Amino acid sequence: MLDERDLPWLAEPLAQLRDHPRSHALILHGGAGSGQWELAWRVAQAWLCENGPGPCGECPSCHLTVAHSHPDLKVLMPEATQLALGWSDAGDDGDSEGGEGGKSKRKPSREIKIDAVRAAIDWAHTSSGRGRGKVLLFYPADAMNVTSANALLKTLEEPAAGTRLLLCVDDPERLLPTVRSRCQRVRLEPPDLAAAEAWLTRQGVAGAAALLRASGGEPLAAKALLDEGLDATVWGQLPAQVAQGDSRALAAMPLPRAVRVLQQVCHDAMAQAAGGAPRFFMPGQVPLGAEIAGLADWSRELARVARHDEHPWNAPLRVEALVAQAQRVWSAG
Ligand SMILES: [Zn+2]
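- By the naming in an unreviewed UniProt entry, the protein goes by DNA polymerase III subunit delta and is assigned to Ideonella lacteola.

### Regarding the pattern of salt bridges
Note on pairing: side chains with opposite charge can pair once their charged atoms come close.
Move 1: Scanning the model with the defined rule gives 10 salt bridges in all.
Move 2: Ionic pairing is found between Arg257 and Glu228, a salt bridge with its closest N-O pair at 2.9 Å. Residue Arg257 is located in helix 13 (residues 255-273), and its partner Glu228 is located in the loop between helix 10 (219-227) and helix 11 (232-243); the two are separated by 29 residues in the primary sequence.
Move 3: Exposure remark for Arg257: the relative accessible area of 22% places this residue in the partly exposed category.

### Some points on the sheet that holds strand 2 (residues 73-76)
Note: strands within a sheet are paired through backbone hydrogen bonds, in either parallel or antiparallel orientation.
Move 1: The 5 strands lie next to each other as 2-3-4-1-5, forming an open sheet whose pairing is parallel. Both edges of this open sheet fall to strand 2 and strand 5 (184-187), since each of them pairs with a single strand only. Neighbour-to-neighbour, the strand axes of this sheet turn through a mean angle of 20 degrees, independent of strand direction.
Move 2: Bridge count between strand 2 and strand 3 (residues 134-138): 4 bridges; the pairing is parallel. If you follow Leu73 over to strand 3, its bridge partner there is Val135.

### Let's talk about the coordination of the zinc ion
Move 1: Cys49 (SG), Cys56 (SG), Cys59 (SG) and Cys62 (SG) make up the full set of protein donors to the zinc ion, lying at 2.3 to 2.4 Å.
Move 2: For the zinc ion, the 4 donor atoms in the first shell make angles of 102 to 117 degrees at the metal, so the coordination geometry reads as tetrahedral.
Move 3: Expressed as a motif, the donor residue spacing for the zinc ion is C-x6-C-x2-C-x2-C.
Move 4: With relative accessibility at 4%, the residue Cys59 sits in the buried group.

### So, the packing of aromatic side chains
Move 1: Counted by the stated rule, this structure contains 5 aromatic pairs.
Move 2: With centroids separated by 5.2 Å and ring planes inclined at 90 degrees, the aromatic side chains of Trp9 and Trp199 adopt a geometry described as edge-to-face. Taken together, the positions of Trp9 in the segment before helix 1 (11-18) and Trp199 in helix 8 (residues 193-202) put the pair 190 residues apart, joining distant regions of the chain. In this structure, Trp9 and Trp199 share a single accessibility class: buried.
Move 3: Taken together, a centroid distance of 4.7 Å and an interplanar angle of 10 degrees make the contact between Trp235 and Phe281 stacked. Of this pair, Trp235 sits in helix 11 while Phe281 sits in the loop between helix 13 and helix 14 (292-307), and the two are 46 residues apart along the sequence. The same class applies to Trp235 as to Phe281, namely buried.
Move 4: The ring of Trp123 has Lys134 sitting right over it, with the charged end atom 4.1 Å from the ring centre.

### A closer look at the layout of surface pockets
Move 1: Counted as a void, the second largest pocket has a volume near 680 Å³.
Move 2: Around the second largest pocket, the lining is made up of 16 residues, and of these Thr81, Arg110, Pro140, Asp142 and Asp170 lie nearest the centre.
Move 3: The biggest single contributor to the lining of the second largest pocket is helix 4 (residues 79-85), with 4 residues.

### A few points about the nonpolar core
Move 1: Within the largest apolar cluster, 69 residues are counted, with the highest numbers of intra-cluster contacts made by Leu166, Leu250, Trp298 and Trp330.
Move 2: Looking at this core, you find at least three residues from each of domain 1 (8-187) and domain 2 (228-332).
Move 3: Judged by nonpolar contacts, the second largest core, of 25 residues, contains Leu76, Ala143, Ala149 and Leu175.

### Some thoughts on helix 2 (residues 36-48)
Move 1: Compared with an ideal rise of 1.5 Å per residue, which puts 13 residues at 18 Å, helix 2 spans 19 Å between its outermost C-alpha atoms and is within 8% of the ideal.
Move 2: Of all 13 residues making up helix 2, 13 are buried, and the element is well covered by its neighbours.

### A few points about the domain arrangement of the protein
Move 1: Annotation of the protein at the domain level lists domain 1 (8-187) and domain 2 (228-332).
Move 2: Each of domain 1 and domain 2 was reduced to a C-alpha centroid, and the two centroids are 37 Å apart.

### Examining unusual backbone geometry
Move 1: With an omega dihedral of -10 degrees, the bond running from Tyr139 to Pro140 counts as a cis peptide bond.
Move 2: Of note, Pro140 is situated in the loop between strand 3 and helix 6 (146-157).
Move 3: Despite not being glycine, His68 has its phi angle at roughly 60 degrees, a positive value.
Move 4: With respect to the helices and strands, His68 occurs in the loop between helix 3 (60-66) and strand 2.

### Here's the deal with the packing of helix 13 against helix 14
Move 1: At a minimum axis separation of 10 Å, helix 13 and helix 14 run at an interaxial angle of 155 degrees. Relative to helix 14, helix 13 is oriented roughly antiparallel. Viewed along their axes, helix 13 and helix 14 form a crossing whose handedness is left-handed. For the pair helix 13 and helix 14, the contacting residues are Val259, Leu262, Gln263, Val265, Cys266, Ala269, Met270 and Ala273 in the first and Ile292, Leu295, Ala296, Trp298, Ser299, Leu302, Ala303, Val305 and Ala306 in the second.
Move 2: Its residues assigned to classes, the contact of helix 13 with helix 14 comprises 15 nonpolar, 2 polar and no charged.

Each value, and the rule that gives it
Residues numbered from 1 in each chain as written. Predicted model: local features only at pLDDT ≥ 70, side-chain atom pairs only at ≥ 80, totals over all residues. Heavy atoms only, no water. Salt bridge = Lys/Arg side-chain N within 4 Å of Asp/Glu carboxyl O. Helix = DSSP H or I, 4+ residues; strand = E, 2+ residues; numbered from the N terminus. Buried < 20%, exposed > 50% of the residue type's maximum accessible area, 1.4 Å probe, protein only. Pairing = 2+ DSSP bridges. Axes fitted to C-alpha atoms, helices over the stretch in contact; angles between N-to-C directions. Donors = N, O, S within 2.8 Å, 3.2 Å for Na, K, Ca; no water. Tetrahedral: all angles 85-135°; square planar, octahedral: opposite > 155°, others 65-115°. Phe/Tyr/Trp six-rings, centres within 6.5 Å; stacked < 30°, edge-to-face > 60°. Lys NZ or Arg CZ within 6 Å of the ring centre and 35° of its normal. 1 Å grid on protein atoms, 1.4 Å probe; cavity = no way out; pocket = protein on both sides within 12 Å on 5 of 7 lines; lining within 4 Å. Points joined across faces, edges and corners; volume = space filled by probe spheres on them. Core = buried A, V, L, I, M, F, W, Y, C linked by side-chain atoms within 4.5 Å. Domains from an automatic or database assignment. Expected span 1.5 Å × (residues − 1). Parallel < 35°, antiparallel > 145°, perpendicular 65-115°, else oblique. Left-handed = near helix turned anticlockwise from the far one by under 90°. Contact = heavy atoms within 4.5 Å. Nonpolar A, V, L, I, M, F, W, Y, C, P; charged D, E, K, R; others polar.

What follows is the structure, encoded as structure tokens:
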């Protein structure tokens, strides 16, 4: 796993979260593509480190954390997130999803289950194994449904002595107001553009500037685009293809990604139509001349599809229709 030595922009937020005066209930938000998970995990390690203000990486606690077997750390994440991160919990006792077997047959859960939350609350009230308090990490915290979040309220209000809760979420608005009001918030900002570009270039990424535009300045997200086969050249050609009604490159992507790309093309086309500069693509890559009213309609349609992205079977047709709409917008302009 990457740590703040690999991701130098995390050092400052790590110190800020680690030394936060009200660290018993914190929300870490933003920075999903800038190392939010890596940061949260390091903060938990630092809180438990026996040679603070760590993490030192060498004490027994640090070793236990790295081995996912620290008795005073509990990470609550949905099964789907565990699979995506390759996370396994060596001390698994509360969130084994009922152990009904046949896990590979059903779709991995995207929820943090109420049973796991209840077990974690009980666990927080047992005594600390290594005497440095306990840490409960929720990733992502908006994977709790209303019932689970409500079950947590009392613990957020009056945590068991020495227990700290860290709730990670992209957008804090996705948490219940009652949860938000009981926590202090810290936002992870993307690194400044020059630092992000230098880091990506050191990682051997060509066209870092273009990929950073594509990913809102978030370097890990920029790197993930490459892993999906979207290099800077392919990225730069997408707007012209869309304007010409060519949906082939987009139809090969997962639907949420394709819709997101179309929203970025639409955003930049609208910005240019209003006399502004593009944000997600390089100047000159988004064709001029799209018709403004048509762009507004297209934007609404994209937002509608983005809200219902769970139908992979008709994804290529959906993308084709969205691109056809774009072509009409450009040819009408
Ligand atoms: Zn340590």
